[in-house]
Amino acid sequence: MRARPYLLLVLLALAWGVNWPVAKIGLRDLPPYTYGTFRVATGLAVIVGLLAAGRGLRLPDRRDVPVVLSVGLGQMAAGIVLMNLALPMVSAGRSSILVYTMPLWVGLFQLPTLRAGGAGRQVGGLLLGLAGIALLLNPQAIDWGSSGQLLGSAALLVSAVLWAVTTIHLRHHEWHGTPLDLMPWQLLVALVPLVLAALVLESGRPIHWEPMAVVAVLFSGPVATALAFWLSQSVSRSLTPLAATMGFLAVPVVGLTSSWLMLGEPLTLVDLAGAATTLLGIVAISVSTGPAADGSVPNAAT
């Protein structure tokens, strides 16, 4: 029983990490907004089915509506859109690392509230993490002459910043319903703009339902969204926030490795050095701020 949370953490890292190359494969046959729509819709169907078979669906308390909107629009809808727009231009492994810089931005936003000692250690972690990002984005690592790679990398960093802002909101919110009870409503809020964008911007674009595209949707929605969220709930309630945060850092490691295995993306020394330096910076920030460094649950958009 003591090992159960760690086993769930491994499964969670696999689900979210493998989803990066899977999504890149799915985007070969499906337009980005359409793919995001199918992902959220299938994840929503699974979550609704699980809750309906168990304790049932519950309307959110009106005091939780800001969190429903914040997560649904800021994390899920925006996160999925930015991810899907960037993946065709940026390698899946590098994308997973850039999005999981989220704790660095949380640490940056929290600096004014920290005591002198904690702030000093956190600044060191921030500088280390930013050095890792610089390694990942230096001209030897990506083609600066390609606007797609630069814009895609910028979009992923914007996604990380939005996730950080929502994380701080979640941390200071006074909850009246459980995160799992709010999950279907957050997904529903995310689904609306995705459907509208798909209808308006992609109505004339072809959809190729190749076998791998179907597999990608069925993995991204039911597994990487619905199942992974349930796993994250279980892990976050069974482990301390600091332990969970350290475990979540396995996601970009799995993303980098699975992208190499599934897509043949090269693992360069620059990629490995940038990833290691960024993750060390996140560890330094998490340790310097104690158990509350990142007590939030990562979103289902990853």
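Preceding this paragraph is the structure being described.
Please read these numbers as outputs of a predicted model, since none were measured by experiment.

Undergrad: Please clarify how the nonpolar core should be interpreted in this entry.
TA: Among the nonpolar cores identified, the biggest contains 56 residues, and Leu12, Trp16, Trp20, Tyr35, Leu87, Tyr100 and Leu156 are the most heavily contacted of them. Ranked by residue count, the leading element in this core is helix H1 (residues 4–26), at 10 residues. The next biggest cluster of nonpolar side chains, apart from the first, holds 25 residues, and it includes Tyr33, Ile47, Met183 and Phe229.

Undergrad: Can you walk me through helix H3 (residues 65–86) in this structure?
TA: Side chains three or four residues apart in an α-helix point the same way, a direct result of the helix having 3.6 residues per turn. The end-to-end C-alpha distance of H3 is 30 Å, a good match for the 32 Å that 22 residues give at a rise of 1.5 Å each. Most pronounced at alanine 78, the bend in H3 amounts to some 30°. Counted residue by residue, H3 has 16 buried out of 22 residues, so it is predominantly covered.

Undergrad: Where do I start with the packing of helix H2 (residues 32–53) against helix H8 (residues 179–201) in this structure?
TA: For any two helices packed against each other, the geometry comes down to the angle between their axes and how far apart the axes lie. Running from amino to carboxyl end, H2 crosses H8 at an angle of 155°, the nearest separation of the two axes being 8 Å. What the angle tells us is that H2 and H8 run roughly antiparallel. As for how H2 packs across H8, the hand of that crossing is left-handed. Residues Tyr33, Thr34, Gly36, Thr37, Val40, Ala41, Gly43, Leu44, Ile47, Val48 and Leu51 of H2 pack against Leu180, Met183, Pro184, Leu187, Leu188, Leu191, Leu194, Val195, Ala197, Ala198 and Leu201 of H8. Grouping the constituent residues of the contact of H2 with H8 by class yields 18 nonpolar, 4 polar and no charged.

Undergrad: It is not clear to me how the side chain of glutamate 265 should be interpreted in this structure. Could you clarify?
TA: Considering the arrangement of structural elements, one finds glutamate 265 in the loop between helix H11 (250–263) and helix H12 (269–289). Here glycine 93 takes part through its backbone nitrogen, which lies 3.1 Å from a polar atom of the side chain of glutamate 265. With near-sequence residues (within four places) excluded, glutamate 265 lies in contact with Lys24, Ser91, Ala92, Gly93, Ser259 and Trp260.

Undergrad: So what exactly am I meant to see when it comes to the packing of aromatic side chains here?
TA: For any pair of aromatic rings, the description rests on two quantities: the centre-to-centre distance and the angle between the ring planes. For the coordinates displayed, the defined rule picks out 2 aromatic pairs. Here phenylalanine 38 and tryptophan 209 contribute two aromatic rings whose centre-to-centre distance is 5.1 Å and whose plane-to-plane angle is 75°, an arrangement assigned as edge-to-face. Here the residue phenylalanine 38 occupies a position in helix H2, and tryptophan 209 occupies one in the loop between H8 and helix H9 (211–238), the gap between them amounting to 171 residues. Owing to a relative accessible area of 46%, tryptophan 209 belongs among the partly exposed residues under this scheme. Their ring planes at 85° and their centres at 5.2 Å tell us that tyrosine 100 and tryptophan 163 sit as a pair that is edge-to-face. Pair noted here: tyrosine 100 is in the loop between helix H4 (92–99) and helix H5 (102–110) and tryptophan 163 is in helix H7 (residues 147–172), with a separation of 63 residues, a long-range link.

Undergrad: Where do I start with the pattern of salt bridges in this structure?
TA: Close approach of charged atoms allows side chains of opposite charge to pair. By the definition in use, this model includes 3 salt bridges. Between arginine 63 and aspartate 61 there is a salt bridge, with its nearest N and O atoms 2.9 Å apart. Exposure remark for arginine 63: the relative accessible area of 44% places this residue in the partly exposed category. In this structure aspartate 61 comes out as partly exposed when scored by relative accessible area, which is 26%. Where aspartate 271 meets arginine 94, a salt bridge forms, and the shortest distance between an N and an O atom there is 2.6 Å. Of this pair, aspartate 271 sits in helix H12 while arginine 94 sits in helix H4, and the two are 177 residues apart along the sequence. A residue is classified by how much of its surface remains accessible, and aspartate 271, at 8% relative accessible area, is buried.

Undergrad: Looking at this model, I keep getting lost on a nonpolar patch on the surface. Mind explaining?
TA: On the surface, Trp260, Leu261, Met262, Leu267, Leu269 and Leu272 cluster together to form a nonpolar patch covering roughly 630 Å² of accessible area. At the level of secondary structure, the elements contributing two or more residues to the nonpolar patch comprise H11 and H12. If you trace the backbone, tryptophan 260 turns up in helix H11. We classify tryptophan 260 as partly exposed; its relative accessible area is 43%.

Undergrad: How should I be thinking about the environment of valine 99 in this particular structure?
TA: Looking at the secondary structure, you find valine 99 in helix H4. When the C-alpha atoms of valine 99 and methionine 83 are compared, they prove to be 8.6 Å apart, with 16 residues separating the residues in sequence. Once residues within four sequence positions are removed from consideration, valine 99 is found in contact with Trp20, Leu156, Ser159, Ala160 and Trp163.

Conventions adopted
- Every chain is numbered on its own, with residues counted from 1 as its sequence reads.
- Given that the model is predicted, a residue must reach a pLDDT of at least 70 before its local features are reported, and side-chain atom pairs must reach 80 or more before they are shown or counted; all residues, however, enter totals for whole chains, interfaces and linings.
- In computing side-chain properties, one takes all heavy atoms of the structure into account and sets aside hydrogens as well as water.
- Here, nonpolar core means buried Ala, Val, Leu, Ile, Met, Phe, Trp, Tyr and Cys residues that are tied together by side-chain atoms lying within 4.5 Å of each other.
- Relative accessibility decides the category of a residue: with a 1.4 Å probe and only protein chains considered, values under 20% of the type maximum give buried, values over 50% give exposed, and everything between is partly exposed.
- Secondary structure elements follow DSSP: runs of H or I no shorter than four residues count as helices, runs of E no shorter than two count as strands, and numbering proceeds from the N terminus.
- One fewer than the residue count of a helix, multiplied by 1.5 Å, yields its expected span.
- Throughout, bend refers to the angle between the axes fitted to the seven residues that end at a position and the seven residues that start at it.
- Structural elements are reduced to axes, namely lines fitted to C-alpha atoms, with helices fitted over the stretch in contact, and the angle between N-to-C directions of any two is expressed from 0 to 180 degrees.
- Between 65 and 115 degrees an angle is taken as roughly perpendicular, under 35 as roughly parallel, over 145 as roughly antiparallel, and anywhere else as oblique.
- Handedness of a helix crossing follows the sense of rotation of the near helix relative to the far helix, less than a right angle counterclockwise being left-handed and clockwise being right-handed.
- Any two residues whose heavy atoms approach within 4.5 Å are treated as being in contact.
- All residues other than Ala, Val, Leu, Ile, Met, Phe, Trp, Tyr, Cys, Pro, Asp, Glu, Lys and Arg, Gly among them, are scored as polar; the first ten of these are nonpolar and the last four charged.
- Any pair of nitrogen or oxygen atoms within 3.5 Å is treated as a polar contact; in protein, a donor-acceptor pairing is required on top of that, and neighbouring residues in sequence qualify only through side-chain atoms on both sides.
- Between rings of Phe, Tyr and Trp, where Trp is taken as its six-membered ring, a pair exists when centres lie within 6.5 Å; planes separated by under 30 degrees are stacked, by over 60 edge-to-face, and by other angles tilted.
- A carboxyl oxygen of Asp or Glu within 4 Å of a side-chain nitrogen of Lys or Arg is what we treat as a salt bridge.
- A patch consists of residues exposed above 30% relative accessible area that lack any salt bridge, with like charges linked at up to 9 Å and nonpolar side chains (Val, Leu, Ile, Met, Phe, Trp, Tyr) linked at up to 5 Å.
- Computed with the Shrake-Rupley method and a 1.4 Å probe, the accessible areas treat only the protein chains shown as cover for residues.

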